[in-house]
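What the coordinates show
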Amino acid sequence: MSVKNTMLAIPLLTISSAGLAAGYTAANSVTLSHSVSILRINNAATTAVIISYDGTTDHEFLAANQVLQLEAQTNSLSNAFACNIKNGTKIYFKGTAGVGNIYVSGYYQPLGA
């Protein structure tokens, strides 16, 4: 099945920084509802966070009030191949409790006829 030549946004996902802990927990994680080619994590909180894509390994550091944008398609080998962040990927956060939220958004190409 082909994909449409359009982009759609996944529903905005939110984590409260007030619940952050020193270790990765299911309560401080979000799950992607689609395979996304663009992933944005906006740390609108007063504290820095560490991000993991497997719940064990530290993968990213994101300072307070900063944005991380991953454009998976730029890592594609050629225009004929798509590189996306997998549907169902769980993103975990840890850090010191703070004030404000961490927002996760993403964009994907819907299937079409």
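Rules of the game
Residues numbered from 1 in each chain as written. Predicted model: local features only at pLDDT ≥ 70, side-chain atom pairs only at ≥ 80, totals over all residues. Heavy atoms only, no water. Helix = DSSP H or I, 4+ residues; strand = E, 2+ residues; numbered from the N terminus. Contact = heavy atoms within 4.5 Å. Salt bridge = Lys/Arg side-chain N within 4 Å of Asp/Glu carboxyl O. Pairing = 2+ DSSP bridges. Buried < 20%, exposed > 50% of the residue type's maximum accessible area, 1.4 Å probe, protein only. Polar contact = N/O pair within 3.5 Å; in protein donor to acceptor, adjacent residues only side chain to side chain.

This next bit is on the environment of leucine 39. Considering the arrangement of structural elements, one finds leucine 39 in strand S5 (residues 38-43). Residues leucine 39 and glutamine 69 lie 30 residues apart in sequence; the distance between their C-alpha atoms is 5.7 Å. Among all residues touching leucine 39, those that are not within four sequence positions of it are Leu32, Tyr53, Leu68, Gln69, Leu70, Ile85, Ile91, Val104, Ser105 and Gly106.

A complete count under the given rule lists one salt bridge for this structure. Measuring nitrogen to oxygen at the nearest pair gives 3.2 Å for the salt bridge that ties lysine 94 to aspartate 58. Residue lysine 94 is found in strand S9 (residues 90-95), and its partner aspartate 58 is found in the loop between strand S6 (49-52) and strand S7 (60-62); the two are separated by 36 residues along the sequence.

Next up on the list: the pairing of S9. Strand residues, when the strand is regular, have side chains that alternate between the two faces of the sheet. Note: strand S4 (residues 29-31) against S9, three bridges, orientation antiparallel. Directly across from valine 30, in S9, lies its bridge partner isoleucine 91. With four bridges connecting them, S6 and S9 associate as antiparallel partners. Bridge assignment links valine 49 to a residue of S9, and that residue is glycine 95.

A separate point is the environment of leucine 62. Its location among the elements puts leucine 62 in strand S7. Its relative accessible area of 5% is what places leucine 62 among the buried residues. Expressed as a C-alpha distance, the spacing of leucine 62 and phenylalanine 93, which sit 31 residues apart in the sequence, is 10.0 Å. If near-sequence neighbours (up to four positions away) are discounted, leucine 62 is found in contact with Ile41, Asn43, Ala48, Val49, Ile51, Val67 and Leu68.

In this section: the side chain of serine 17. By the secondary structure assignment, serine 17 is in the loop between strand S3 (13-16) and S4. At 2.8 Å, the side chain of serine 17 and the backbone oxygen of glycine 100 are in polar contact.

Quick look at the side chain of serine 105 now. Position of serine 105 relative to the elements: it lies in strand S10 (residues 101-108). With relative accessibility at 15%, the residue serine 105 sits in the buried group.

Once that is clear, we can look at the pairing of S10. In the sheet, strand S2 (residues 8-9) pairs with S10 via two bridges, with the strands oriented antiparallel. When the sheet's bridge partners are listed, alanine 9 is paired in S10 with tyrosine 107. Bridge analysis of S3 against S10 gives four bridges, and the strand direction is antiparallel. Residue isoleucine 15 lies in a different strand from S10, and its bridge partner there is isoleucine 102.

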